[in-house]
Amino acid sequence: MFDVNKILEMSISLTAEHDYNKILEKTVTCAMELTNCEGGTLYLFRENRLEFMIMRNIDPEVQRRGGTVPPLELDETKVCAYSAIHRELVNVPDVYAENTGFDFSGPKEYDKVFGCHTKSMLAFPLINHEEKLIGVAQLLNARNPEGELISFTAEHETLIRALASMAAVSLSNMQYVSQIKQLLHSIVNVFTNAIDARTPYNYYHSRHVHDLVVDFMDYCNEKPEKAGIGLQFDAEHREELELTAMMHDIGKLVTPLEVMNKETRLAGRLETVLARLRYIRALKRIAYLEGSCTKEEYEAEADYIAEMLELIQQINAAGFLEDETIAKIKRLAEREYEDTDGERYSYITKEETVCLMIKKGTLTEDEREIMKQHVVFTERFLSAMNFDEHYKNVRTWASLHHELLNGSGYPGGLTEKDLPFEVRLITVADVYDALTSDDRPYKKPHSREAAFAILGHMADDGQIDGKVLSVFKKAVLWKEAEKNNGKEAKK
């Protein structure tokens, strides 16, 4: 009689396992141990056929020769297919006996080629609690305590039926978990596409940040000594960080497009400003022709307007403004003209003045505050999602990616003690992609070297983590070298 404690141990081992491939492995190895047989193979039922998943044998040479087995069609002359179709255990005492009803030409040919002998065979279906077929396992060559080949016994059948039930439930549960995760990831992808599709600019930003974070984790896992931070990312940690990277900008779903897509300082106001200045010049010419101003006064005004027309167009698309340029805009804003009705107006409005005096970038302070709100909405949206224990940090990590170590970030002005490693990583990846991206209309992309130089200055200023940046740089260069080696190999 088989040790009951051993059966309980196997049961606990199967049901406690959370790795799908390890459940497959344990199903075969436990079945082999229960029956003291030489080998086992497991197939999963997919798309109306049996797909080979795993093969084990006590003989290393046979294991090596096993290789990959092609999928099995549902042909009743094959033992595994018969077991799947009829959902019943099939016990073949002797493969070489006559009138077995099955086609054993494959095993017999294998025996002939490799000098083996297949005697007994036991195939059993894996059926879950919903009566759905999960797969089929096949065992070969039961042995007695002395190691002699025997047929599988009735006791073996009882033990295998119990094991099959436990394995099927475990596999089914893992499949459900996998389906739920796939659903979660598909929802995340939909959100990410929705965020990025709202604007033609930085369309791939979320995916780029995700890929950079993945490259960082791969580098740390594959090159731990070179990474030098003593950190390895297991499957759960990786998944949580990947989801965070994909959803770090989910709050941009509510950012106004006129802010998010603002290409230039004046945006849609440019033609209005230019038209007004031309109108002012025309008024001055009319005044000259009517004799209410001198030719010199008209020409001086016309020259000034021409200078301002050129300057405003330059300012509108400039990356950075000098103080002298800003002073010219201030003087322009102080000038007034009188229209044909005798009403007096400024050459440029207060809103236009604010836009034209933006020292760097295209957003006014008010627009920047609106843009900053996306992290607040990121936190709000993710708080409404019922993340389980495995993803409990996604909301926090995503909503803090604009915080900086020295407290100069937003929205909370948090400092180093408040920002975990994962936030620091996503911040570096986010800034790097923003610097190197070639789809931002308001700036030219920085080279990789220039981007790292800027990030280096940020680290020196205490804004970002220098250690994270160092490993991040190594990971980027490592991934680029891998890609280049792949391209060379394809030539």
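Criteria and thresholds
Residues numbered from 1 in each chain as written. Predicted model: local features only at pLDDT ≥ 70, side-chain atom pairs only at ≥ 80, totals over all residues. Heavy atoms only, no water. Core = buried A, V, L, I, M, F, W, Y, C linked by side-chain atoms within 4.5 Å. Buried < 20%, exposed > 50% of the residue type's maximum accessible area, 1.4 Å probe, protein only. Helix = DSSP H or I, 4+ residues; strand = E, 2+ residues; numbered from the N terminus. Phe/Tyr/Trp six-rings, centres within 6.5 Å; stacked < 30°, edge-to-face > 60°. Lys NZ or Arg CZ within 6 Å of the ring centre and 35° of its normal. Salt bridge = Lys/Arg side-chain N within 4 Å of Asp/Glu carboxyl O. Pairing = 2+ DSSP bridges. Contact = heavy atoms within 4.5 Å. Axes fitted to C-alpha atoms, helices over the stretch in contact; angles between N-to-C directions. Parallel < 35°, antiparallel > 145°, perpendicular 65-115°, else oblique. Left-handed = near helix turned anticlockwise from the far one by under 90°. Nonpolar A, V, L, I, M, F, W, Y, C, P; charged D, E, K, R; others polar. Expected span 1.5 Å × (residues − 1).

A.B. asks: Help me understand the nonpolar core in this model?
C.D. replies: Generally speaking, nonpolar side chains in soluble globular proteins are found buried as a group. Counting 37 residues, the largest nonpolar core has Val-213, Phe-216, Leu-241, Tyr-432, Leu-455 and Phe-472 as its most contacted members. Elements with a minimum of two residues in this core: α7 (205-222), α9 (235-247), α17 (421-436), α18 (448-460) and α19 (466-490). Within the second largest apolar cluster, 32 residues are counted, among which are Met-10, Leu-34, Leu-139 and Ala-167.

A.B. asks: So what exactly am I meant to see when it comes to the packing of aromatic side chains here?
C.D. replies: For any two aromatic rings, the description comes down to two numbers: the centre-to-centre distance and the angle of the planes. Inspection of every chain in the model, using the stated rule, returns 15 aromatic pairs. Residues Tyr-337 and Tyr-347 carry aromatic rings whose centres are separated by 6.0 Å and whose planes lie at 70° to one another, so their mutual orientation is edge-to-face. Within this pair, whereas Tyr-337 is found in strand β8 (residues 336-338), its partner Tyr-347 is found in the loop between β9 (344-346) and α14 (350-356), the two being separated by 10 residues in sequence. Tyr-347 matches Tyr-337 in its accessibility class, with the two residues each being buried. Ring geometry for Phe-377 against Phe-381: centres 6.0 Å apart, planes inclined by 45°, an arrangement best described as tilted. Of the two residues, Phe-377 and Phe-381 are both situated in helix α15 (residues 365-383); the distance of 4 residues between them amounts to about one turn of the helix. On the accessibility criterion, Phe-381 (27% relative accessible area) is partly exposed. Taken together through their ring pairs, the aromatic side chains of Tyr-279, Tyr-337, Tyr-345 and Tyr-347 make up a single cluster. Arg-335 extends its terminal NZ or CZ atom over the ring of Tyr-304, reaching a point 4.1 Å from the ring centre.

A.B. asks: I would appreciate a short explanation of the pattern of salt bridges in the present structure.
C.D. replies: As a working rule, side chains carrying opposite charge can pair if their charged atoms are close by. Scanning the entire structure with this criterion turns up 26 salt bridges. As a salt-bridge pair, Lys-479 and Asp-215 come within 3.9 Å of each other at their nearest N and O atoms. In this pair, Lys-479 sits in helix α19 while Asp-215 sits in helix α7, placing the two residues 264 residues apart along the sequence. Across the pair, Asp-215 and Lys-479 agree in class, each one buried. Within this structure, Arg-46, Arg-49, Glu-51 and Glu-73 form a network of salt bridges that share partners.

A.B. asks: What am I meant to see in the pairing of strand β5 (residues 121-127) here?
C.D. replies: A regular strand places its side chains so that they alternate between the two faces of the sheet. Of all 7 residues that make up β5, 6 are buried, and the element is covered over most of its length. Sheet analysis places strand β4 (residues 90-92) next to β5, joined by 3 bridges and oriented antiparallel. Following the sheet pairing, Val-90 is matched in β5 by Ala-123. Across 7 bridges, β5 lies against strand β6 (residues 133-143) in antiparallel orientation. Paired with Leu-122 across the bridge in β6 is Leu-139. Between the antiparallel neighbours β5 and β6 lie 5 residues, among them Glu-131 with a positive phi of about 65°.

A.B. asks: How do you make sense of the pairing of strand β1 (residues 37-46) when you look at a structure like this?
C.D. replies: Burial within β1 is extensive, with 7 of its 10 residues counted as buried. Here β1 pairs with β6 via 7 bridges, running antiparallel. Paired with Gly-40 across the strands is Leu-139, a residue of β6. Hairpin connection of β1 to strand β2 (residues 49-57): 2 residues between the antiparallel strands, including Glu-47 at a positive phi of 50°.

A.B. asks: Is there a simple way to explain the environment of Val-69 in this structure?
C.D. replies: On the secondary structure map, Val-69 appears in the loop between α3 (60-66) and β3 (72-73). Val-69 sits in the buried class, given a relative accessible area of 19%. Each C-alpha atom, one on Val-69 and one on Asp-19, is 22 Å from the other, the two residues being 50 residues apart in sequence. In this structure Val-69 touches Tyr-43, Phe-52 and Met-55, once residues within four positions along its chain are discounted.

A.B. asks: Can you walk me through unusual backbone geometry in this structure?
C.D. replies: Note: most peptide bonds trans; most residues except glycine with negative phi. For the peptide bond that leads from Tyr-410 to Pro-411, omega is 10°, which places it in the cis range. Of note, Pro-411 is situated in the loop between α16 (394-399) and α17. Phi is positive for Arg-87, close to 55°, though the residue is something other than glycine.

A.B. asks: For this particular structure, what's the right way to read the packing of helix α12 (residues 295-317) against helix α13 (residues 323-334)?
C.D. replies: Each pair of packed helices can be described by the angle between their axes along with the distance between the axes. Relative to each other, α12 and α13 sit at 125°, their axes nearing to 11 Å. In terms of their interaxial angle, α12 and α13 are classed as oblique. Judged by the twist between their axes, the crossing of α12 over α13 is left-handed. Contact residues: Tyr-304, Glu-307, Met-308, Leu-311, Ile-312 and Ile-315 in α12; Thr-325, Lys-328, Ile-329, Arg-331 and Leu-332 in α13.

A.B. asks: Explanation requested: the side chain of Thr-255 in the structure shown.
C.D. replies: Topologically, Thr-255 is positioned in the loop between α9 and α10 (257-260). Not counting the four nearest positions on each side in its chain, Thr-255 is found in contact with Arg-198, Met-260, Met-371 and His-374.

A.B. asks: Mind showing me how you'd approach the packing of helix α2 (residues 20-35) against helix α6 (residues 154-197) here?
C.D. replies: Where α2 meets α6, the closest approach of the two axes is 10 Å, and the angle between their N-to-C directions is 175°. As the angle between them shows, α2 and α6 are arranged roughly antiparallel. Across the interface between the two elements, Tyr-20, Ile-23, Leu-24, Thr-27, Cys-30, Ala-31, Leu-34 and Thr-35 from α2 touch His-156, Leu-159, Ile-160, Leu-163, Ala-167, Ser-170, Leu-171, Met-174 and Gln-175 from α6. Looking at the contact of α2 with α6 residue by residue, the classes come out as 12 nonpolar, 5 polar and no charged.

A.B. asks: Explain α2 to me, please; I cannot follow it from the model alone.
C.D. replies: Given 3.6 residues per helical turn, the α-helix brings residues three or four places apart onto the same face. Given a rise of 1.5 Å per residue, 16 residues ought to cover 22 Å, and the 23 Å separating the end C-alpha atoms of α2 matches this to within 8%. Buried within α2 are the following residues: Tyr-20, Ile-23, Leu-24, Thr-27, Val-28, Cys-30, Ala-31, Met-32, Leu-34 and Thr-35. Downstream of α2 by one or two residues, Asn-36 has phi in the positive range, about 50°.

A.B. asks: Can you help me understand the environment of Lys-372 in this one?
C.D. replies: Mapped onto the elements of the fold, Lys-372 is located in helix α15. Each C-alpha atom of the pair Lys-372 and His-402 lies 8.7 Å from the other, and the pair is 30 residues apart in sequence.

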